[in-house]
Amino acid sequence: MEKESTTITIKETKADKGKAPLIAPAKVADSPRAGWKKGLAIFDFILRLCAIGAALAAAAVMGTTDQTLPFFTQFFQFQASYDDLPAFQFFVVAFAIVSGYLVLSLPFSIVTIVRPHAVGPRLLLFVFDTVMVALTTAAASAAAAIVYLAHNGNSSANWVAICQQFGDFCQQVSGAVVAAFIAAFIFILLVVLSAMALRRQ
């Protein structure tokens, strides 16, 4: 007796060709990274809003600093204004530029939220944020040196402290310098965030 054998042929469909079972888990593994990048982008946007407030406050307070001391007559008056010192003028111009840049950078920050894996906008923000760190630090440091002299003077150079007479003037410029250093610190955080996001690409 001859044994009959049955052959079952399974046709391979085009949809099944070339598929490996490890591809699906790889796609699932990408989602936490995308969520992590999106969280960084949202935090970046919030920091930019805070930096706008600090930079605008620094520029506005310094730019409106002015105090006049009454003397015996209206013809003899002592006045202190921010535009009397080049360091304070540089401070106002620098933080006006910084404020304008921060406003213009908001759309790029929104793009990084919508598209967390986009490298171009993140790299552009990283480069310009680094430049703004240098600008804000330079302006804040120059103004801080003048504020220190205004408070303490310098006996070696015969520079007299003026804050005893111009108290309001010194308070305003000191507040502007504090806001400037806050903005500079926020920019440092923005650079670190951008570096972390680019490293994970």
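Residues numbered from 1 in each chain as written. Predicted model: local features only at pLDDT ≥ 70, side-chain atom pairs only at ≥ 80, totals over all residues. Heavy atoms only, no water.

The protein carries the name CASP-like protein in an unreviewed UniProt entry, which gives Dillenia turbinata as its organism. The protein has a UniProt comment under Subunit (unreviewed entry) that states "Homodimer and heterodimers." Per UniProt, the protein has the following entry under Sequence similarities (unreviewed entry): "Belongs to the Casparian strip membrane proteins (CASP) family." (UniProt positions renumbered as here; feature names shortened; annotations may be inferred.)

A. Local environment of the pattern of salt bridges. Using the criterion set out here, one finds three salt bridges in the structure. Among the ionic pairs, Asp44 bridges to Arg48, the shortest N-O distance being 2.7 Å. Pair noted here: Asp44 and Arg48 are both in helix 1 (residues 23-63), with a separation of four residues, about one helical turn. A single network of salt bridges, built from pairs that share partners, joins Asp44, Arg48, Arg122 and Asp129. (Salt bridge = Lys/Arg side-chain N within 4 Å of Asp/Glu carboxyl O. Helix = DSSP H or I, 4+ residues; strand = E, 2+ residues; numbered from the N terminus.)

B. Representation of the side chain of Arg122 within the structure. Along the chain, Arg122 turns up in helix 3 (residues 119-152). Judged by its relative accessible area of 4%, Arg122 is buried. A polar contact of 3.4 Å, which involves the side chain of Arg122, links it to the side chain of Asp44. With residues up to four places along the chain from it excluded, the contact list for Arg122 reads Ala41, Asp44, Thr112, Ser194, Ala197 and Leu198. (Buried < 20%, exposed > 50% of the residue type's maximum accessible area, 1.4 Å probe, protein only. Polar contact = N/O pair within 3.5 Å; in protein donor to acceptor, adjacent residues only side chain to side chain. Contact = heavy atoms within 4.5 Å.)

C. Region of interest: the UniProt feature "transmembrane region" (unreviewed entry) in the protein. Following the UniProt record, the feature "transmembrane region" (unreviewed entry) maps to residues 45-65, 85-111, 123-150 and 176-198 here. Here residues 85-111 runs as 96% helix and 0% strand, with 41 Å between its end C-alpha atoms. From the first C-alpha to the last, residues 123-150 spans 41 Å; its make-up is 100% helix and 0% strand.

D. Representation of the layout of surface pockets in the model. In this model, the largest pocket occupies a volume close to 230 Å³. Taken together, 14 residues line the largest pocket, and the ones lying closest to its centre are Leu85, Ile146, Leu149, Ala150 and Ile162. Those elements that place two or more of their residues in the lining of the largest pocket are strand 2 (78-81) and helix 3. It is helix 3 that provides the largest number of residues to the lining of the largest pocket, a total of three residues. Tallied by class, residues from the lining of the largest pocket come to 11 nonpolar, two polar and one charged. (1 Å grid on protein atoms, 1.4 Å probe; cavity = no way out; pocket = protein on both sides within 12 Å on 5 of 7 lines; lining within 4 Å. Points joined across faces, edges and corners; volume = space filled by probe spheres on them. Nonpolar A, V, L, I, M, F, W, Y, C, P; charged D, E, K, R; others polar.)

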